[in-house]
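# Fold and contact review
Single-letter residue listing:
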Amino acid sequence: MAQTPQQRKANEKYAKSEAAKRGKGKTATKQKQNSKSPVSTGWVVVLAFAVCGGLAFEALRIVPELWSAAVEMFNRKLA
């Protein structure tokens, strides 16, 4: 059942009197929680190296081969 305007005024008056009895309430502030990662930074670095390091080494191996192939093709076109 919905409140009538009279009930609403009475409830507001009662809430004000109760708040005055209790005094000024504490303001609700949310504190930020510093969440720590379950994995340390060192392990993240090791994992990143394990995942990406293989790709880097493979690229270092392939790039000179591709470069020499490109130079060879260029020389053939010039000759």
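Residues numbered from 1 in each chain as written. Predicted model: local features only at pLDDT ≥ 70, side-chain atom pairs only at ≥ 80, totals over all residues. Heavy atoms only, no water.

How we decide: UniProt positions are given in the numbering used here, feature names are shortened, and annotations may be inferred rather than shown by experiment.
Named according to an unreviewed UniProt entry, the protein chain is Stress-associated endoplasmic reticulum protein originating from Aspergillus nomiae NRRL. Of the comments in the UniProt record for the protein chain, the one headed Function (unreviewed entry) reads "Interacts with target proteins during translocation into the lumen of the endoplasmic reticulum. Protects unfolded target proteins against degradation and facilitate correct glycosylation."

### Focus: helix α2 (residues 41–78)
Rules: Numbering goes from the N terminus for both helices and strands, where a helix is a DSSP run of H or I of at least four residues and a strand is a run of E of at least two. Every helix has an expected span of 1.5 Å times one less than the residues it contains. Two axes are fitted around each residue, one to the seven residues ending there and one to the seven starting there, and the angle between them is reported as the bend at that residue.
If you check α2, its first and last C-alpha atoms are 53 Å apart, about what 38 residues at 1.5 Å a residue would give, namely 56 Å. At C52, α2 shows its maximal bend, which comes to roughly 40°.

### Focus: the pattern of salt bridges
The following threshold applies: In the sections that follow, a salt bridge refers to a side-chain nitrogen of Lys or Arg positioned within 4 Å of a carboxyl oxygen of Asp or Glu. For every residue, the accessible area obtained with a 1.4 Å probe (protein chains only) is divided by the maximum for its type, and the residue is called buried under 20%, exposed over 50%, and partly exposed between those limits.
All told, the structure shown has four salt bridges when counted by the stated rule. The residue E18 makes a salt bridge to K21 at a minimum N-O spacing of 3.1 Å. One end of the pair is E18 and the other is K21, both in helix α1 (residues 5–22) and three residues apart, which spans about a single turn. Look at E18 and you get partly exposed, because its relative accessible area is 21%. Accessibility expressed as a relative area gives 65% for K21, which makes it exposed.

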